[in-house]
Amino acid sequence: MSTGLELQDVTIQFGGLKAVSDLGFHVAPGELVGLIGPNGAGKTTVFNLITGVYTPTAGRIHFEGKPVPGRKPHEITRMGIARTFQNIRLFSSLSVFDNVRAAMMMHLKHGILHSLTRGPAFQEEEQSMEARALELLDIFGLADARDQDAKSLNYGDQRRLEIVRALATQPKLLLLDEPAAGMNPAEKDDLMKLIRFIKDRYQLAVLLVEHDMKVVMGICERIAVIEYGVKIAEGTPKEIQCHPKVIEAYLGVSAE
Amino acid sequence: MEQFLQQLLNGLFQGSIYALIALGYTMVYGVLRFINFAHGDVFMLGAFTALGLHKAFGPALASMPWPVSLILILLASMAICGALGIIIELLAYRPLRNRPRLNVLITAIGVSLFIEYTAQLFFGATQRPFPELIPRTPVASTGGLTISVAQVIVLATTITLLIGLRIVVMKTRMGLAMRALSLNPTASTLMGVNNSVVISFTFGLGSALAAAGGILYASLYPSIEPFMGIQPGLKAFVAAVLGGIGNIPGAALGGLIIGITETLVKGYGQHFGIPSGYSEAVAFVILILILVFKPSGILGKTEREKV
Amino acid sequence: MKRYAPQIALIAVLAVSLGISMMSSQLDAYYLDIALNVGINIILAVSLNLVNGHTGQFSLGHAAFMAVGAYGASIFTLEAADQLIPMLGGPSTFATGVAFLIALLIGGLCAAFCGWLVGMPSLRLRGDYLAIVTLGFNEIVRVILQNTSGDGPFGGPLGLKGIPAHTSFFWVFAIAALCVYGVASMVNSTYGRGFLAVRDDEIAAGSMGINTTRYKVTAFVTGSFFAGLAGGLYAHLRTTISPEGFNFLKSFDIVVIVILGGMGSTAGVVLAAIVLTVLNEFLRDFEQYRMIVFSLLLIVMMIVRPQGLLPSLPFLKRKKA
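Predicted model only: the values in this text are computed from it and were never measured.

Reading the values: the criteria
Residues numbered from 1 in each chain as written. Chains lettered and ligands numbered in written order. Predicted model: local features only at pLDDT ≥ 70, side-chain atom pairs only at ≥ 80, totals over all residues. Heavy atoms only, no water. Phe/Tyr/Trp six-rings, centres within 6.5 Å; stacked < 30°, edge-to-face > 60°. Helix = DSSP H or I, 4+ residues; strand = E, 2+ residues; numbered from the N terminus. Buried < 20%, exposed > 50% of the residue type's maximum accessible area, 1.4 Å probe, protein only. Lys NZ or Arg CZ within 6 Å of the ring centre and 35° of its normal. Pairing = 2+ DSSP bridges. Axes fitted to C-alpha atoms, helices over the stretch in contact; angles between N-to-C directions. Contact = heavy atoms within 4.5 Å. Expected span 1.5 Å × (residues − 1). Buried area = accessible area lost by both parts, 1.4 Å probe. Polar contact = N/O pair within 3.5 Å; in protein donor to acceptor, adjacent residues only side chain to side chain. Nonpolar A, V, L, I, M, F, W, Y, C, P; charged D, E, K, R; others polar. Salt bridge = Lys/Arg side-chain N within 4 Å of Asp/Glu carboxyl O. 1 Å grid on protein atoms, 1.4 Å probe; cavity = no way out; pocket = protein on both sides within 12 Å on 5 of 7 lines; lining within 4 Å. Points joined across faces, edges and corners; volume = space filled by probe spheres on them.

Aromatic ring pairs are defined here through the distance separating the ring centres and the angle between the ring planes. Going through the model one piece at a time under the given rule, you end up with 24 aromatic pairs over all chains. With a centroid separation of 4.8 Å and an interplanar angle of 70 degrees, the aromatic rings of Phe34(B) and Tyr93(B) are classed as edge-to-face. Here Phe34(B), found in the loop between α1 (2-32) and α2 (39-56), pairs with Tyr93(B), found in helix α4 (residues 66-93); they are 59 residues apart in sequence, far enough to count as distant. As far as the burial class goes, Phe34(B) and Tyr93(B) line up, both buried. Relative to Phe123(B), the ring of Phe48(B) has its centre 4.2 Å away and its plane inclined at 5 degrees; by these criteria the two rings are stacked. Here Phe48(B), found in helix α2, pairs with Phe123(B), found in helix α5 (residues 101-123); they are 75 residues apart in sequence, far enough to count as distant. Judged by relative accessible area, Phe48(B) falls into the buried class, the value being 6%. Here Phe123(B) falls in the partly exposed class, since its relative accessible area comes to 27%. The structure contains a cluster of three or more aromatic residues connected by ring pairs, namely Tyr71(C), Phe154(C), Tyr234(C) and Phe246(C). Arg89(A) extends its terminal NZ or CZ atom over the ring of Phe85(A), reaching a point 5.9 Å from the ring centre. A cation sits over an aromatic face here: Arg165(A) above Phe91(A), 4.6 Å from the ring centre.

Here it is as structure tokens:
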């Protein structure tokens, strides 16, 4: 039994459509795994299954040996799984800083009563929160924008803030949904470095869904390919690049 | 037993009016995904329009047989209120397309209050007698059951309008456009549906049905006032939710269930220790129960938010 | 010292209200009455704002919780206070004060309990359903109260009479200050960012480890509690209450204050409560136009300026630490 994330025979059905069927793969602690596939292959659905937005029709999902399905999204986040959203879901009316602060809430020792009495322990914790939030924002070059509204950020910064916010929950596994979408090549290079950096610094396992092959091939240690909800290949970037089924799925022609 | 049947029939008449109003809620919710709070007030305006028309054309109408004058008044009031519904949508709701739903909800509350208090300014706050458009004489009283002409007409009109609506929605191009819009507004535009026209049409149709409901209601309970739409409006909304909001047969079914339950509580509640006055709250208790056990309603489908 | 500014401000307001209260006999009764109305409306609007503004839910039944609080507190005062006062050492300012505080708390807790009962099932639903459920609850409360026996503790359709006039300037503004302080410090703490996160995007909030249901229920129960306190104050100010006084038009009045003040802005809502209460008082002769103007204002505002009529003022806002 491996410790990281383990999916076995996971299936979800919407009406008559099997969006994901009999999917199995795992992400070991500290590993960086890519999940790729053509549009509509079910990648985001896999994220929604892991994070409790959907419940699988069949199959098992375990994280650190504990079953995931049946728990609410916030409970799964507490187990140590955090995610970003493909279609950016920041808290748009909150400031950049408060977006991060909101994500730290589950690690608070103080509760609602302390926020009323505002005692020394509360003040101290608020300050250490602030320091940690700033540290994370700084890594992603967002510290100067801390008081801006999240919605006023440009597209790339919004994507970066999504990652910072997910990191603020102190995850062991980070799920990134198309983090490079809409970024220019230079930004993408920066992003790749940042993902490697945070992975090492915070000892994260990362599961990455991404369209940009350069990004995926550049940083992933292992890649799983799905098409129509079914896994068609898994292996190192090199193995995937010359896998006939993968080439067929992407180019729509047989590789022979 | 006769008494029970009588109660059941009364509930049926009451429920058929709720059903008419519920249709408007459900249609508007189907295409725009918001609760048109002002719908119950269009119901009230329907009754007042009929009263006004009856006063203005009294002598001419009096010379006709009552079914003819009833149909004329009904159709004219439906047309006027339908137009009013279209205007309300145009002025208050259209500028808010694609705004947060809460803003639209607040506007709808504003529109509702505006109609009520403006009507109060013009018509006064006191109850007014409603003309006898339909003879209130009993038509049948066999085996202890009494049914009035008005009740028969109410049921017949409701059934006619329901069938008519079903035909409009299922058999016409406009109905097809309405269904397309409710499934996916973006895709329907891409397929050449003019969403604005469809939305106007939906409001017009819903408001016309509400006006008909108002006239029929006033024929059963012939005294009207500017706030008369609030209670039936809320109950009809509950009916729409009970049947599955967005679902037309569901709204009709929900209306009947609410009407019958309410009458039964009024008639028999005291045998079970429930004062008859509690019938006013029955609809809301039902609402809370549905939302707890089956939020999608009896015939509705569950909607998933796209993540 | 600066970090304790909120507490210092709170204590200052409490002291000033006590001072004004002690010389209230010298104040013009008419203006004092308006001031007390202002205070009660501040409590109602700020507590509703926690639900509708900060947490992004939409309750249309605040008057129902006010009713529960009003009846709860009044029934305690009418039925039990006489037995309690001898235990507190006989009639004295202190004894009646304690008895009144207990009455208010009982009213508040009854309202909070009802808030929990209504909130648990319905807060899972989207905002517009909650609006209807709370409106429905408002009607249920009214119908139940109206159908009670006229000789019983609830007084039937005519309601309760002869409630002692315990409500003073101090009680109203002390509770209003506690309400503003409580809501503002709750919302502005890191814990409280959760309310705003739930409002902005519930799914994202869940994915950030925020227990969205718990936040919504907390907001709703807290809001109901303060509405209950406001109801108790109202009952002991007017000395008579009836079920009709807490119908949904009363709920609409509170909603209007919150919307015009700016949903989610505590300062704006306090200001709106003051301005609209005073305005209502002076426009009493134009009662029939008042609601027309307010409803038009709501419609126009949602189109032109949905963030509220009053500008967000710098005080009480998030500090850029």
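Having seen the model, we can carry on.
In this section: the sheet that holds strand β7 (residues 173-177) of chain A. All names here are of chain A. Taken together, the 6 strands give an open sheet; going across it, the order is β6-β7-β8-β3-β9-β10, and neighbouring strands pair in mixed fashion. In the strand order of this sheet, the two ends are held by β6 (81-83) and β10 (230-235), each with one partner. Each neighbouring strand pair of the sheet contributes to a mean axis angle of 20 degrees, computed without reference to strand direction. Here 5 bridges tie strand β9 (residues 222-227) to β10, and the two strands are oriented antiparallel to one another. When the sheet's bridge partners are listed, valine 225 is paired in β10 with alanine 233. Helix-sheet contacts for helix α1 (residues 43-50) involve β3 (32-36), β6, β7, β8 (205-209) and β9, and the interaxial angle to β7 is about 150 degrees.

All names here are of chain C. An ideal rise of 1.5 Å per residue puts 20 Å on 14 residues; helix α11 (residues 248-261) measures up with 20 Å between its terminal C-alpha atoms. Among the 14 residues that make up α11, 11 are buried, leaving the element largely enclosed by the rest of the structure. Of the positions making up α11, those classed as buried are Phe248, Ser251, Phe252, Ile254, Val255, Val256, Ile257, Val258, Ile259, Leu260 and Gly261. Where α11 terminates, the next one or two residues include glycine 262, which has phi positive at roughly 110 degrees.

A separate point is the interface of chain B and chain C. With 43 residues of chain B at the interface, the matching set in chain C holds 38 residues. A buried area of about 3,800 Å², summed over both sides, lies between chain B and chain C, and 79% of it is on carbon and sulfur atoms. Three residues, Ile106(B), Leu113(B) and Tyr117(B), lead the burial of chain B against chain C; their summed loss comes to 15% of the area buried on that side. Linking chain B to chain C there are 4 residue pairs in polar contact (both at pLDDT 80 or more). Among the secondary structure elements, those contributing two or more residues to the side of chain B that touches chain C are α4, α5, α10 (230-243) and α12 (279-293) of chain B. When residues in the side of chain B that touches chain C are grouped by element, the largest group, 14 residues, is from α5(B). Split into classes, the residues belonging to the side of chain B that touches chain C amount to 32 nonpolar, 6 polar and 5 charged.

Here the focus is the pattern of salt bridges. Residue and element names in this part refer to chain A. Under the defined criterion, the tally for this structure stands at 26 salt bridges over all chains. In this structure, arginine 101 engages glutamate 126 in a salt bridge whose closest nitrogen and oxygen atoms are separated by 3.2 Å. Here the residue arginine 101 occupies a position in helix α3 (residues 96-104), and glutamate 126 occupies one in helix α5 (residues 120-139), the gap between them amounting to 25 residues. The same class applies to arginine 101 as to glutamate 126, namely buried. With its nearest N and O atoms 3.1 Å apart, the salt bridge here joins aspartate 157 to arginine 160. Of this pair, aspartate 157 and arginine 160 both sit in helix α6 (residues 155-168), 3 residues apart, which is roughly one turn of the helix. Across the pair, arginine 160 and aspartate 157 agree in class, each one buried. Here the salt bridges share partners, and the residues they tie into one network are Glu31, Arg222, Lys231 and Glu234.

Quick look at helix α12 (residues 266-282) of chain C now. Residue and element names in this part refer to chain C. With 17 residues, α12 should reach 24 Å at 1.5 Å per residue; the first-to-last C-alpha distance of 25 Å fits that figure. Turning to α12, its buried residues are Thr266, Ala267, Gly268, Val269, Val270, Ala272, Ala273, Leu276, Thr277 and Glu281. Of the surrounding elements, those touching the buried residues of α12 are α2 (29-54), α7 (169-188), α11 and α13 (287-304).

This paragraph deals with empty space enclosed by the protein. Evaluated as defined, the whole model comprises 4 cavities of 30 Å³ or more. Estimates place the volume of the largest cavity at around 130 Å³. Elements supplying a minimum of two residues to the lining of the largest cavity: α2, α5 and α10 of chain B together with α11 of chain C. Take the lining of the largest cavity: its biggest share by element is 3 residues, from α10(B). Of the voids in this model, the second largest cavity is the one considered here, and its volume is about 40 Å³. Taken together, Asn36(B), Ala38(B), His39(B), Val42(B), Gly85(B), Ile88(B), Phe203(B) and Ser207(B) make up the full set of residues lining the second largest cavity. Secondary structure elements with two or more residues in the lining of the second largest cavity: α2, α4 and α9 (195-220) of chain B.

Attention shifts here to the pairing of β8(A). All names here are of chain A. With 5 of 5 residues buried, β8 is to be regarded as a mostly interior element. Where burial is concerned, the two faces of β8 agree: the one with Ala205, Leu207 and Val209 and the one with Val206 and Leu208 are both buried. With 4 bridges connecting them, β3 and β8 associate as parallel partners. Looking across to β8, one finds that leucine 35 is bridged to valine 209. The pairing of β7 with β8 spans 5 bridges and is classified as parallel. Residue pairing across strands places leucine 176 opposite leucine 208, the latter belonging to β8.

By themselves, these observations are geometric and do not establish any function.
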